[in-house]
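# Structural characterization, general
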Number of protein chains: 2
Amino acid sequence: MGNSVEKTDFQIAFGRQIEKFRTEQNLSYRQLAQRCDIDHSNISKIEKGEINIQLSSVLQLAKGLSISPKELFDFNFDLGDVIS
Amino acid sequence: MGNSVEKTDFQIAFGRQIEKFRTEQNLSYRQLAQRCDIDHSNISKIEKGEINIQLSSVLQLAKGLSISPKELFDFNFDLGDVIS
DNA sequence: AAAAGTGTGGGTTTTTAACACCACAATTAA
DNA sequence: TTAATTGTGGTGTTAAAAACCCACACTTTT
């Protein structure tokens, strides 16, 4: 039932970044979706850390938010917590 | 024959970053592979921009190179060139 | 009140990367 | 010379992202 994919802390932190930039710009899921060619329902899942997106999607999100990919990763994250 | 995935400028630029950090630390593919749980042959492909890796792999690479994910994206890239 | 927009979740199909290998030529070290 | 290491390709399997759709309760706008 439901998700076979686990949420990782990194995915969740990344998702929060997307949400932060999206809300700063007063964009809805559907509006951002239109700008970056990602389905609005998937953007919801990305923000909640439910999917492990690819590099191409990172780029699309950066484009849709008009920021550099680097800024999307501008958050604190402890690499020591990475399991494998 | 060969690759179904096209190299994008972004993948290539990202790959160059990996190569830069890896060579700065005098690591071979196999040495980096050991540190980040990614097969050495795949690291070769990532550096050449041949694969569209996932967020989890970005994190593994950052961990293997002992740098923040943000630094991996610290390169110039013109979002205006993004097609879709 | 009606219409439009919102976040959210479900489901299906197609695409594709991760993964775990193997093989080999060239280089470097013993 | 032999052995080890390196970068580089190829392959088949499997899990999951991406793309697409829809539906619904709730809020905002008209």
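Residues numbered from 1 in each chain as written. Chains lettered and ligands numbered in written order. Predicted model: local features only at pLDDT ≥ 70, side-chain atom pairs only at ≥ 80, totals over all residues. Heavy atoms only, no water.

- The name recorded for chain A in an unreviewed UniProt entry is HTH cro/C1-type domain-containing protein, from Flavobacterium chungbukense.

### As for the interface of chain B and chain A
- On the side of chain A, 24 residues touch chain B, which itself brings 23 residues to the contact.
- Summing both partners gives a buried area of about 2400 Å² for chain B against chain A, and 69% of it is carried by carbon and sulfur.
- Looking at the side of chain B facing chain A, the largest losses of area belong to Leu55, Lys70 and Leu79 of chain B, adding up to 28% of the total buried there.
- Between Lys70 of chain A and Asp74 of chain B there is a salt bridge, with the nearest N and O atoms lying 3.1 Å from each other.
- Ranked by residue count, the leading element in the side of chain B that touches chain A is helix α4 (residues 55-65) of chain B, at 7 residues.
- Within the side of chain B that touches chain A, the residues separate by chemical class into 13 nonpolar, 6 polar and 4 charged. (Contact = heavy atoms within 4.5 Å. Buried area = accessible area lost by both parts, 1.4 Å probe. Salt bridge = Lys/Arg side-chain N within 4 Å of Asp/Glu carboxyl O. Helix = DSSP H or I, 4+ residues; strand = E, 2+ residues; numbered from the N terminus. Nonpolar A, V, L, I, M, F, W, Y, C, P; charged D, E, K, R; others polar.)

### Describing the protein's contact with DNA strand D
- The local shell around DNA strand D holds 23 residues, among which Gln54 and Ser57 of chain A together with Tyr29, Arg30 and Gln54 of chain B are the closest.
- Per the 4 Å cut-off to the protein, sugar and phosphate atoms form 62% of the nearby atoms of DNA strand D.
- Ser57 of chain A is positioned such that a nitrogen or oxygen atom in its side chain is 2.5 Å from a phosphate oxygen of DNA strand D.
- If you list the elements that add at least two residues to the surface near DNA strand D, you get α3 (40-47) of chain A together with α2 (29-36) and α3 (40-47) of chain B.
- Of the residues contributing to the surface near DNA strand D, the split by class is 4 nonpolar, 12 polar and 7 charged. (Near = heavy atom within 4 Å. Polar contact = N/O pair within 3.5 Å; in protein donor to acceptor, adjacent residues only side chain to side chain.)

### Description of helix α1 (residues 9-24) of chain B
- An ideal rise of 1.5 Å per residue puts 22 Å on 16 residues; α1 of chain B measures up with 23 Å between its terminal C-alpha atoms.
- Within α1 of chain B the residues assigned to the buried category are Phe10, Gln11, Ala13, Phe14, Gly15, Gln17, Ile18, Phe21 and Arg22 of chain B.
- Of the surrounding elements, those touching the buried residues of α1 of chain B are α4 (55-65) and α5 (69-72) of chain A together with α2, α3, α4 and α5 (69-72) of chain B.
- Positive phi appears at Asn26 of chain B, one or two residues downstream of α1 of chain B, with a value of about 55 degrees. (Expected span 1.5 Å × (residues − 1). Buried < 20%, exposed > 50% of the residue type's maximum accessible area, 1.4 Å probe, protein only.)

### Looking at the UniProt feature "domain: HTH cro/C1-type" (unreviewed entry) in chain A
- Mapped onto the present numbering, the UniProt feature "domain: HTH cro/C1-type" (unreviewed entry) falls at residues 18-72 of chain A.
- Within residues 18-72 of chain A, the helical portion is 69% and the strand portion 0%, while the C-alpha atoms at the span's ends are 7 Å from each other. (UniProt positions renumbered as here; feature names shortened; annotations may be inferred.)

### Here's the deal with the relation of the copies chain B and chain A
- It takes a turn of 180 degrees to lay chain B on chain A, together with a shift of 0.1 Å along the axis; the resulting RMSD is 0.1 Å. The transformation just described matches what one would write down for a two-fold rotation axis. Closest to the rotation axis within chain B is the C-alpha of Gln54 of chain B, separated from it by 2.0 Å.
- When you check the interface residues of chain B against chain A, 100% turn up at the interface there too, and the contact is symmetric in its surfaces. (Least-squares fit on C-alpha atoms with pLDDT ≥ 70 in both.)

### Quick look at unusual backbone geometry
Residues and elements named next belong to chain B.
- Backbone geometry places Asn26, a non-glycine residue, at a positive phi of 55 degrees.
- Tracing the chain through its elements places Asn26 in the loop between α1 and α2.
- Backbone geometry places Ser66, a non-glycine residue, at a positive phi of 55 degrees.
- One can find Ser66 in the loop between α4 and α5.
- Residue Ser66 is classed as exposed on the basis of its relative accessible area, which comes to 58%.

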